[in-house]
Amino acid sequence: MRLALALEAALNRAAGALDRRLSRFDARNRWFGVGRTVLCLAELSVLLFTPAKALLVPVLGISDGPKCGSVQALSAFCLGHHAIGAEYPRWLLVLVLAVAASGYRPRWTVLPQLWAVYSIATSISVPDGGESIALIVSLLMVPLAIADDRPWHWRPATTAPAPDLRVLAFAAFCALRLQVAYIYLDTAISKFGVADWANGTAEYYFLRDNMFGVAHPLSGMFYALSRNTLVVVGMTWGALVMELAIAVCVLSSERWRKVGLALDIALHGMIIMTMGLWSFGLVMIGASIITATPGPRRPAAHPAEPPALAVVTDLPKTTVPAH
């Protein structure tokens, strides 16, 4: 009996805490706007700086053109690609992502954004992890944007969110945090099973890789630094520690989520500096900005107003003595 009562009390406390957090949740702020814009810019960089023939290059005997089997036929690259080619769809997607990145009407532009990201992730010949993550994040972003009735995602919200949409947005926000935390946790743990990561030498080889290695003018400095055992071990194991820390921070309180965002920017900023991977880095930074979204602030308590002075309207009548 006591166990049942204790369990009931614990459930009531958890339900109360969840209800309080839900009642204060509102993602209609600039954190969501900045994160969404960064993610769209990441995908725009793929389209703007890579011609269509390079995105759809034949690989290992795959026929020329986009992948259009099954549900992949929904991609923009598959809509009449034999007749119009791939350049027109590429510029259509550029336009869609540019409008989404501008912040205009997030409720109405989030689905075209999802379609554009889906088209990139499913049709190009050699997508990397960034395209897959961008697709997942864009999908989880849909309930957040559907609940966003602002004309621009840079402006503060002026209306109360609809209760049903608030619940869906909160669920999507929690799912996004779990997804980002899983990505970093899985990435860090899987690397411990690779000999070069376990012994602390992986960064030495990555910096010298023919495709992803550090380029001029920074190559000389990083080559020299990586010849020092302590430096290269610190860089290798430091990356693992940062990935684990980001995973923990994303699932923690508002304050620690901001710490995780700072670590995320530092980690991917260093990867961009040494290895490139611009679109991948920007996708992860954009997702981390959204996961760091703070809760709305409670209005500051106003000091108690002094009591109003009483206005005397009826004075007691006095009798003037007669002389």
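Read on for a plain summary of the structure. These figures come from a predicted structure and were not determined experimentally.

Right, let's get into the state of the cysteines. Evaluation of the coordinates by the stated rule reveals 1 disulfide. Disulfide partner of Cys68: Cys78, at an S-S distance of 2.0 Å. Residues Cys68 and Cys78 are joined by a disulfide whose S-S torsion is about -95°; by sign, that bridge is left-handed. Placement of the pair is Cys68 in the loop between helix 3 (52-55) and helix 4 (81-84) and Cys78 in the loop between helix 3 and helix 4, with a sequence separation of 10 residues. On the basis of relative accessible area, Cys68 is assigned to the partly exposed category, the value being 29%. Look at Cys78 and you get buried, because its relative accessible area is 13%.

Here we take up the environment of Ala169. Secondary-structure assignment places Ala169 in helix 8 (residues 163-191). For Ala169, a relative accessible area of 4% translates into the label buried. For Ala169, the contacting residues outside a window of four places in its chain are Phe25, Pro143, Leu144 and Ala147.

Between helix 8 and helix 12 (residues 229-250), the shortest axis-to-axis distance is 8 Å and the interhelical angle comes to 155°. It follows that helix 8 is roughly antiparallel to helix 12 by the angle criterion. Taken as a pair, helix 8 and helix 12 cross one another with a handedness that is left-handed. Contacts between helix 8 and helix 12 involve Arg177, Val180, Ala181, Tyr184, Leu185, Thr187, Ala188 and Lys191 from the first element and Leu240, Glu243, Leu244, Ile246, Ala247 and Val250 from the second. When grouped by side-chain class, the residues that make up the contact of helix 8 with helix 12 number 10 nonpolar, 1 polar and 3 charged.

Counted at 1.5 Å a residue, the expected span for helix 12 with its 22 residues is 32 Å, and the 32 Å between its end C-alpha atoms agrees. Where helix 12 is buried, its residues touch helix 8, helix 9 (195-198), helix 10 (202-207), helix 11 (219-226), helix 13 (254-275) and helix 14 (278-291). For helix 12, the capping residue at the N-terminal end is Asn228, with a side-chain oxygen 2.9 Å from the backbone nitrogen of Leu230.

Looking now at the packing of helix 2 (residues 30-48) against helix 5 (residues 87-102). Two numbers describe how helix 2 lies on helix 5: the axes approach to 9 Å, and their chain directions differ by 160°. Classified by the interaxial angle, the pair formed by helix 2 and helix 5 is roughly antiparallel. In this structure, the crossing between helix 2 and helix 5 has a hand that is left-handed. In this structure, helix 2 contributes Arg36, Thr37, Cys40, Leu41, Glu43, Leu44, Leu47 and Leu48 to the contact, and helix 5 contributes Arg90, Trp91, Leu93, Val94, Leu97, Ala98, Ala100 and Ala101. For the contact of helix 2 with helix 5, the per-class residue count stands at 12 nonpolar, 1 polar and 3 charged.

This next bit is on the side chain of Arg150. Assignment of secondary structure puts Arg150 in the loop between helix 7 (129-146) and helix 8. On the basis of relative accessibility, which here comes to 4%, the residue Arg150 falls in the buried class. Setting aside its immediate chain neighbours within four residues, Arg150 contacts Ala27, Arg28, Asn29, Arg30, Phe32, Arg105, Pro106, Arg155, Pro156 and Ala157.

Conventions used here
Residues numbered from 1 in each chain as written. Predicted model: local features only at pLDDT ≥ 70, side-chain atom pairs only at ≥ 80, totals over all residues. Heavy atoms only, no water. Disulfide = S-S within 2.5 Å. Helix = DSSP H or I, 4+ residues; strand = E, 2+ residues; numbered from the N terminus. Buried < 20%, exposed > 50% of the residue type's maximum accessible area, 1.4 Å probe, protein only. Contact = heavy atoms within 4.5 Å. Axes fitted to C-alpha atoms, helices over the stretch in contact; angles between N-to-C directions. Parallel < 35°, antiparallel > 145°, perpendicular 65-115°, else oblique. Left-handed = near helix turned anticlockwise from the far one by under 90°. Nonpolar A, V, L, I, M, F, W, Y, C, P; charged D, E, K, R; others polar. Expected span 1.5 Å × (residues − 1). Polar contact = N/O pair within 3.5 Å; in protein donor to acceptor, adjacent residues only side chain to side chain.

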